[in-house]
Amino acid sequence: MTPRLELDDVTVRRDGRTVLRVERLRLTERRVGVVGANGSGKSTLLRLLDGLIDPSTGRVSIDGLDTVRDGRQVRRRVGFCFQDPADQIVMPLVADDIAFGLKNQGVPTSAREARAATVLDRLGIAHLASRTAASLSGGERQLVALAAVLVCEPATVLFDEPTGTLDLVRSLRFSRLLAGLDIQAVVATHDLDLLEDFDRVLVLDRGVIVADDRPGPALARYRALAAETQAVEAQAVEAQVAETPAVGTRRAETFSVSPR
Amino acid sequence: MTLLTDAQPRPGLLRSVPAPVKLAGLVVLGVVSAVSTSPTLLALIGATGGLALVVARPHWRRLTGLMVVWAIALVVVVILQLVTRDSAAAVVSGARMVALCLPALAVMASTAPEELLDTLFAATRPLRRVGLRPEVLALTVALTLRFVPELVRQIETLREAQRARGARPSVLPVTVPLLVRCLDRSRTLADAIVARSFFDRATPLDHAPPASVNREGASAHATSSTAASATPHASRPLVLNTPRPHAGRRPSEESWKT
């Protein structure tokens, strides 16, 4: 059964400013996308769902477990893939890093090794087990970071811009890999192609969900929103230029070539 | 990899000796070297260390930089002793440095870091009784090993960026952005460590914190049974101890992007 992620009357405030406000949200789909401009609240939403940050008001829960009160249980069910995989690989050797989460959960050594071998095989990176994290390429790091999350067998994985540092080939590979995972995935991304086959897409704008729909309509709304923002910004620039004639005059004088 | 290079330790006689034995021997030699003033004994320990290093068959080419730095330090110490004291003191100081460093190099070259970490963890386990957490110490060492190559790579990138902008090689233009990057990375890294349940791990001497201190801990008793029944992985070992006061804390609440 797909886990149930719930937010009720949630706000997140920082420096006296509300960076996220969600009245009511229920996520029960297997594939949920989150899009929005930089600073729109995507990462904040993901971090709330993993209990990495507390809501200023309201309640966030995963299958009834409160992310603040039951953080330990929540983190056992929810995995988090950060944008830069280098940031989440904490051990020098790949094999040790894969085992890190299991060790923290008290899984015995023999079971740890077996589960690590299984997940490495599944992702086709068994040959990386004895490599050092520093020697991995960007694509390999992405897979190792994903393996380190999947080995803990979470029911849900939160991906924060997973293809942000990948080239096209590796982005497509990640997309195929994601499609084959039997878990719930919540993906915050700027890669709109990645979301085409998703069940649901949320569009965030300045900390508020402004669209919540199937990928087609939601992404159309997002594109329209981006176009509106662009138009407003262009107008603002034009207005600013019009309000500062002195600068324009000086520039024209500086660069003009007077006829002899 | 080893603590010295990113290459695997080579198989051999010293490699097959258990890490705790090597480390115990190193501690004994270190103490003797530190207290002894006999040049003969220090030279003997140094020679033994040198022999052990040869037996450990390190990747010499990758050790070149380290050996050069060490040799420079050795020369500086000897010269300082000659200038400030006398030749006898210079000989003892030089021999002591050799006696301290060569056995340590031999141990590091022949031992995988995970073995060293496990030994360190086991050796510091009694410190729990005075409130210290050996796993945090082990993680600190592991993170140092993990991020030194990243740091070197970042310095190279920053130098290239400075060169591309026509700047002369200088320390300050590299140091400031490096510090900013390190701080930024440390915040994300802290989040990643929390997300990967490091602060949720079971520790035998964990004590229940006051209910007022930790919301998560305060509710653990009340919710553990319902949580266990609700989880799809209920068959997995469940951490039943109550978290320490800082467990579940968010180390970088200001760190996340929006």
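What you are looking at is a predicted structure, and each value in this text was computed from that prediction instead of being measured.

A.B. asks: Tell me about the pairing of strand β9 (residues 200-205) of chain A, and please be specific about residues and values.
C.D. replies: All names here are of chain A. For β9, a buried count of six out of six residues is recorded, marking the element as mostly surrounded by other parts of the structure. Because side chains alternate across β9, one face comprises the buried residues Arg200, Leu202 and Leu204, and the other comprises Val201, Val203 and Asp205, equally buried. Pairing of strand β3 (residues 31-36) with β9, which is carried by five bridges, proceeds in the parallel orientation. Among the inter-strand pairings, Val35 is bridged to a residue of β9, identified as Val203. Pairing between β9 and strand β10 (residues 208-213): five bridges, direction antiparallel.

A.B. asks: With reference to specific residues and values, describe the environment of Ala19(B).
C.D. replies: Residues and elements named next belong to chain B. Looking at the element boundaries, Ala19 is found in helix α2 (residues 19-35). A residue is classified by how much of its surface remains accessible, and Ala19, at 6% relative accessible area, is buried. Sequence separation of Ala19 and Arg163 is 144 residues, and the distance between their C-alpha atoms is 45 Å. Apart from the residues within four sequence positions on either side, Ala19 is in contact with Thr111, Glu115 and Thr119.

A.B. asks: Can you break down empty space enclosed by the protein residue by residue, with the values?
C.D. replies: A full pass over the atoms with the stated rule returns five cavities of 30 Å³ or more. What the largest cavity holds in volume is close to 120 Å³. If you go around the largest cavity, you meet 14 residues; those closest to its centre are Gly79(A), Val149(A), Cys152(A), Ala195(B) and Arg196(B). Broken down by element, the lining of the largest cavity gets its largest block of residues, three residues, from strand β6 (residues 78-81) of chain A.

A.B. asks: An account of the nonpolar core is needed here, citing residue identities and associated values.
C.D. replies: Residues and elements named next belong to chain A. Formed by 44 residues in total, the largest nonpolar core has its most connected members in Val35, Ile98, Ile125, Val144, Leu150, Phe159 and Leu178. Counting residues per element, the ones that place at least two in this core are α3 (94-104), α4 (109-122), α5 (138-150), β7 (156-160), α6 (168-179), β8 (184-188), β9 and α7 (215-243). With seven residues, the single largest contributor to this core is α5. Contact partners of Leu150, with chain neighbours within four places excluded, come to Val119, Leu123, Val157, Leu181 and Ile183. By size, the runner-up hydrophobic cluster in this structure holds 32 residues, among which are Val12, Leu46, Leu48 and Leu204.

What counts, and where the lines are drawn
Residues numbered from 1 in each chain as written. Chains lettered and ligands numbered in written order. Predicted model: local features only at pLDDT ≥ 70, side-chain atom pairs only at ≥ 80, totals over all residues. Heavy atoms only, no water. Buried < 20%, exposed > 50% of the residue type's maximum accessible area, 1.4 Å probe, protein only. Helix = DSSP H or I, 4+ residues; strand = E, 2+ residues; numbered from the N terminus. Pairing = 2+ DSSP bridges. Contact = heavy atoms within 4.5 Å. 1 Å grid on protein atoms, 1.4 Å probe; cavity = no way out; pocket = protein on both sides within 12 Å on 5 of 7 lines; lining within 4 Å. Points joined across faces, edges and corners; volume = space filled by probe spheres on them. Core = buried A, V, L, I, M, F, W, Y, C linked by side-chain atoms within 4.5 Å.

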